[in-house]
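Understanding the architecture of this molecule
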Amino acid sequence: MKEFLIPEEIQEIAETLTRNGYEAYLVGGCVRDLLIGNSLTGGPKDWDITTNAHPKEIQKLFSTFAGATADKPATVYENDFGTVGIKTRSEDSTLKVVEVTTFRIEGTYSDKRHPDEIKFAKTIEEDLSRRDFTVNAMALSLTNNPQQTIHNKRKENVVGSKLSVVGLLIDPYRGQEDLKDKIIRTVGDAEKRFNEDALRLLRAVRLSAQLGFEIEQETQKVIKKNAPLLKHIAEERIRDEFQKLIMTPRAAEGMFMLQKFDLLEYIIPELLEGVGCKQNKHHVYTVFEHNVRALEYATEKNYSLEVRLASLLHDVGKPRTKSGSGESATFYNHEMVGARMAKDVLDRLRFPRDLVQKVRHLIRYHMFYYNVGEVSEAGVRRFIARIGVENIDDILSVREADRVGSKVPKAFPYKLRHLLFMIDKVRHDPVHPKMLAVKGDDIMRFLNIPAGPRIGDILFVLLEEVLDDPSKNTKEYLKEKVKELGVLSLVELRKLADEGRKKRDSIEEGVENDIKKRYFVK
Ligand code: ATP
Ligand code: MG
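Owing to the predicted nature of the structure, the values given are computational and were not obtained by experimental measurement. (Residues numbered from 1 in each chain as written. Chains lettered and ligands numbered in written order. Predicted model: local features only at pLDDT ≥ 70, side-chain atom pairs only at ≥ 80, totals over all residues. Heavy atoms only, no water.)

**Overview of the overall build of the chain**
- Within the chain, the regular secondary structure consists of 24 helices and 14 strands.
- Within the span of the chain, comprising 522 residues, buried residues form 52% of the whole.
- When contacts within the chain are restricted to residue pairs at least 6 apart in sequence, long-range pairs at least 24 apart make up 70% of them.
- Of the roughly 24500 Å² that the chain leaves accessible, carbon and sulfur atoms contribute 49%. (Helix = DSSP H or I, 4+ residues; strand = E, 2+ residues; numbered from the N terminus. Buried < 20%, exposed > 50% of the residue type's maximum accessible area, 1.4 Å probe, protein only. Contact = heavy atoms within 4.5 Å. Areas by Shrake-Rupley, 256 points an atom, 1.4 Å probe, with all protein chains shown as cover.)

Right under this line is the structure:
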């Protein structure tokens, strides 16, 4: 018998089930995390309840739960897995929707990824037997069931919205022991379980990294042997687990494991091109290790998913652009090739379009050049105009991860701190057509012309002037300028706009040429 703090919402749901004669258990990851304790895992990330009530019965019992009405019910039932989501009144994101799932036992798996049929089970023990790992196959009874010898006891000592509950732990596969020894082990025969559902290969690594547990020795061999089964798994499922892995504090260890167990080949084979790929005199690590070390730093700093992915993939283009060997090998254009490769990787894994776009952009511009005294304020404004104000912090984070991932002494050398100072200085200067003192509408009015391509070109020419000298961003000055530009033909105007565009590009090119020389990396 163990004592746990369980949120009130969970207690209420369990009591509703119990009152109506059903059993209710907490199960899976949340039981595991409750047993590990808050300090390590931060407590359960979601609360899963399992019951012998069938989905229809669950829906009936909870349609008016937490003040909901029959026409706007509190339940959502959208899948074929017997899971009903119950909306609570909680503000806590882990409790907003509680998933209640009917006991299940899976039928045969003929395709290594989906059971051919989902069958409801009669007992909690049957349900636990279909789960992946011993530490995930425990249930905590929330049932006030007279057939059971031990009753849950609701105590008076309320801590916050949580209640202390004494419950019976059902642990048929010695999960508690493996939890204590920090071991990931399959429920039953490893070979068979990975063959049923190959996603478990990746889940083993994800859980191992997330919990800091070791995968049991024999199981490690079975994983390596069965790695190609991952081919059968839908990219979306792989992505979800991979994303969870990337977000754990031990993401780098997880990446090394994926490589060691031959799983990476079926997730991001592009990264394997960097295994054994030596760099030049500026680097101690191979390309692969450097990429993973950059991710490691991004996780230490608790950076966002985008920055972590950009750090992991920032040099993915290097092997394909390598020229020469030894001390003076070069990697010209690796950031452009790498940005494109990263896009392909993330598209394939079905990451959302915005995220892919952002990561691609971060990688494309991670090589920006800056040296104190060599770049003017106008140059810094052009840099910001090119990368976007909203991306400044993330690009600097990727750069930091790149540096630390190369084992250089300082994450933020004087040069980068100076760039930050310059960015701060120009941060509020106009760097986007939207920030100009005249808008498209104004231009239409000043020149008495309709909407059309002229407007965009004029805005672009104005922005170039303002990037050089922000004090020109006044309505008076720009109005005069608009009138001057208004007499130009469309061809002349386009030529001016293109010159502006080239100016930015050539500055960019100049930057890259310079970097080529200095760092042997272009
Ligand atoms: P987290 O706390 O990170 O969410 P989790 O263990 O709860 O980890 P989920 O994906 O939420 O992971 O799965 C919930 C539970 O469902 C698991 O603990 C496990 O018991 C079971 N489970 C999930 N995926 C599988 C699978 N592919 N095969 C067998 N059991 C699984
Ligand atoms: Mg979970």
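**Some thoughts on the packing of helix α14 (residues 305-313) against helix α19 (residues 392-404)**
- Following both chains from N to C, one finds α14 and α19 inclined at 40 degrees, their axes separated by 9 Å at the closest point. Between α14 and α19, the interaxial angle falls into the category oblique. Where α14 crosses over α19, the handedness of that crossing is right-handed. Within the contact between the two elements, α14 uses Val307, Ala310 and Ser311 and α19 uses Asp394, Ser397, Val398 and Ala401.
- The class makeup of the residues in the contact of α14 with α19 is 4 nonpolar, 2 polar and 1 charged. (Axes fitted to C-alpha atoms, helices over the stretch in contact; angles between N-to-C directions. Parallel < 35°, antiparallel > 145°, perpendicular 65-115°, else oblique. Left-handed = near helix turned anticlockwise from the far one by under 90°. Nonpolar A, V, L, I, M, F, W, Y, C, P; charged D, E, K, R; others polar.)

**Details of the nonpolar core**
- Counting 130 residues, the largest nonpolar core has Leu26, Phe242, Met255 and Leu258 as the members making the most contacts within it.
- Per-element accounting of this core gives the leading share, 9 residues, to helix α22 (residues 453-468).
- Apart from residues no more than four positions distant in its own chain, Met255 is found in contact with Phe242, Ile246, Leu264, Leu271, Phe288, Val292, Leu295 and Leu312.
- Counting 8 residues, the second largest nonpolar core, distinct from the first, contains Phe103, Ala121, Ala139 and Ile170. (Core = buried A, V, L, I, M, F, W, Y, C linked by side-chain atoms within 4.5 Å.)

**Some thoughts on the pattern of salt bridges**
- In total, this model carries 40 salt bridges according to the counting rule given.
- The salt bridge involving Lys225 is made with Glu191; its shortest N-O contact spans 3.0 Å. On the criterion of sequence distance, the pair formed by Lys225 in helix α9 (residues 217-226) and Glu191 in helix α7 (residues 190-196) is long-range, its members being 34 residues apart.
- Its relative accessible area of 28% is what places Glu191 among the partly exposed residues.
- Residue Glu270 is joined to Arg348 by a salt bridge in which the shortest nitrogen-to-oxygen separation is 2.8 Å. Of this pair, Glu270 sits in helix α12 (residues 269-272) while Arg348 sits in helix α16 (residues 334-348); the two residues are 78 residues apart in sequence, bridging distant segments of the chain.
- Three or more residues joined by partner-sharing salt bridges are found here, namely Asp132, Arg203, Arg206 and Glu241. (Salt bridge = Lys/Arg side-chain N within 4 Å of Asp/Glu carboxyl O.)

**Side note on the sheet that holds strand β4 (residues 75-76)**
- Read from one edge of the open sheet, 7 strands run β4-β5-β6-β3-β2-β9-β12, paired in mixed fashion. Of all strands in the sheet, those bounded by a partner on one side alone are β4 and β12 (169-170).
- In this structure, β4 lies alongside strand β5 (residues 83-87), joined through 2 bridges in antiparallel fashion. Within the sheet, the bridge partner assigned to Thr75 lies in β5 and is Ile86.
- Strands in contact with helix α2 (residues 29-36) are β2 (24-27), β3 (48-51), β9 (139-141) and β12; relative to β2, the strand with the most contacts, it is inclined by about 70 degrees. (Pairing = 2+ DSSP bridges.)

**Some thoughts on the packing of helix α11 (residues 251-260) against helix α13 (residues 287-300)**
- With their axes 8 Å apart at the nearest point, α11 and α13 run at an angle of 150 degrees to one another. Compared by their axis directions, α11 and α13 come out roughly antiparallel. On α13, the residues touching Ala251, Ala252, Met255, Phe256 and Gln259 of α11 are Phe288, Glu289, Val292, Arg293, Leu295, Glu296 and Thr299.
- Broken down by class, the residue content of the contact of α11 with α13 amounts to 7 nonpolar, 2 polar and 3 charged.

**Remarks on unusual backbone geometry**
- You will see that Arg174, though not glycine, has its phi angle at about 55 degrees, which is positive.
- In this structure, Arg174 sits in the loop between β12 and α6 (175-181).
- A positive phi is found at Asn302, a non-glycine position, where the angle reads about 55 degrees.
- With respect to the helices and strands, the residue Asn302 is situated in the loop between α13 and α14.
- Overall, the relative accessible area of 61% leaves Asn302 in the exposed class.

Coordinates in, geometry out; function isn't part of it.
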